[in-house]
Structures are given as C-alpha cells and as structure tokens.
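Descriptive analysis of the structure
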Amino acid sequence: QVQFVESGGGLVQPGESLRLSCTVSGATFSSDAFGWYRQAPGKPRELVASVFKSGVKEYADSVRGRFAISRDTTKNTLYLQMTSVGPEDTAAYYCNYRTLRPNTVWGHGTQVTVSS
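A brief report on the enclosed structure follows. (Residues numbered from 1 in each chain as written. Predicted model: local features only at pLDDT ≥ 70, side-chain atom pairs only at ≥ 80, totals over all residues. Heavy atoms only, no water.)

**Points about the sheet that holds strand β1 (residues 3-7)**
The strands that make up a sheet are held in pairs by hydrogen bonds between backbone atoms, and each pair lies either parallel or antiparallel. The sheet built from 4 strands is open, its strands ordered β1-β3-β8-β7 with antiparallel pairing. Bordering the open sheet on either side are β1 and β7 (67-72), each of which pairs with just one other strand. Between one strand axis and the next, the sheet turns by 20° as a mean value, whatever way the strands run. (Pairing = 2+ DSSP bridges. Helix = DSSP H or I, 4+ residues; strand = E, 2+ residues; numbered from the N terminus. Axes fitted to C-alpha atoms, helices over the stretch in contact; angles between N-to-C directions.)

**Focus on the nonpolar core**
In terms of nonpolar packing, the biggest core is built from 30 residues, with Trp36, Leu78, Leu80 and Tyr93 touching the most fellow members. Of all elements in the fold, only β3 (18-25), β4 (34-39), β5 (46-51), β7, β8 (77-82), β9 (91-97) and β10 (110-114) reach the threshold of two or more residues within this core. Contact partners of Tyr93, with chain neighbours within four places excluded, come to Glu6, Leu20, Trp36, Tyr37, Arg38, Phe67, Leu80, Met82, Gly109, Thr110 and Val112. (Core = buried A, V, L, I, M, F, W, Y, C linked by side-chain atoms within 4.5 Å. Buried < 20%, exposed > 50% of the residue type's maximum accessible area, 1.4 Å probe, protein only. Contact = heavy atoms within 4.5 Å.)

**Here we look at the packing of aromatic side chains**
With the rule as written, the count across this model stands at 6 aromatic pairs. Considering the side-chain rings of Tyr37 and Trp106, the 5.1 Å spacing of their centres and the 85° angle between planes classify their relative orientation as edge-to-face. A residue pair is termed long-range when its members are at least 10 positions apart, and Tyr37 in strand β4 and Trp106 in the loop between β9 and β10 qualify at 69 residues. With a relative accessible area of 6%, Tyr37 lands in the buried category. Taken together, a centroid distance of 5.7 Å and an interplanar angle of 80° make the contact between Tyr94 and Trp106 edge-to-face. Linking Tyr94 in strand β9 with Trp106 in the loop between β9 and β10, this pair joins segments that are 12 residues apart in sequence. Accessibility expressed as a relative area gives 28% for Trp106, which makes it partly exposed. Among the aromatic residues, ring-to-ring pairing joins Phe4, Phe29, Phe34 and Tyr97 into one connected group. When the ring centre of Tyr94 is taken as origin, the NZ or CZ atom of Arg45, which lies over that ring, is 4.1 Å away. The ring centre of Trp106 lies 3.9 Å from the NZ or CZ of Arg45, which sits over that ring. (Phe/Tyr/Trp six-rings, centres within 6.5 Å; stacked < 30°, edge-to-face > 60°. Lys NZ or Arg CZ within 6 Å of the ring centre and 35° of its normal.)

Here you go:
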C-alpha cells in the first residue's frame with residue numbers, strides 16, 4: 001500500500017518562504033505522476049503542483065511563479081518550495097498521485113499558516 005508522509009509546514013509571515021517534504025513509500029516516481037494538494041478551511045481540496053514521470057511540471061494559476069515542485073528519486077521524496085507566500089496559501093498540504101486512485105489513501109498532511 002502506498003503511503004505519503006508530509007512535513008515541513010508551520011507558521012510563516014507573508015512574503016516568506018517554506019519548503020514542504022513528502023516521503024513516498026510503496027511507489028516510485030518512475031511509475032506515475034505525483035502532486036501537491038492543499039485544502040483550506042471550508043474549501044475543497046485542490047491540486048496546486050504536479051510532476052510527471054518525464055519530469056515535466058505543472059502548476060495551478062494561483063501558485064505559478066511562486067511555488068516549485070521537485071523530487072529526489074534517491075530518497076523517494078517530493079518537495080514543494082513555497083516563496084512569496086500570502087494568507088491565501090494558508091491550508092493543509094498533502095501529496096498524492098496526480099490522478100487519484102478510487103481508494104486513495106491520504107497522509108496526515110502538513111499545515112501551513114501564513115499570518116503576520
């Protein structure tokens with residue numbers, strides 16, 4: 001069973017940077033595309049960044065130019081570098097397959113709070 005363990009969240013001020021990590025077990029980056037999702041209170045979960053098997057990256061309009069997704073195949077770890085964060089980026093962040101499976105298992109996520 002594939003498992004995702006996210007970390008790196010915290011409280012940051014507007015304009016600051018933060019790097020999130022996601023360790024993946026039970027799957028490899030050569031097998032599929034993976035992505036970072038986020039869910040703010042009262043809102044549906046949204047996909048914000050993806051990396052395909054080929055290494056091609058894709059971003060939601062709301063984060064393009066500010067967030068960067070990367071992966072370390074030796075550590076089977078996915079990263080999300082967040083820069084110039086704003087209050088609108090406050091959410092719980094999760095990683096998972098880019099195309100969710102019918103019985104998708106989610107990790108606990110990591111909370112990012114942007115506040116002055």
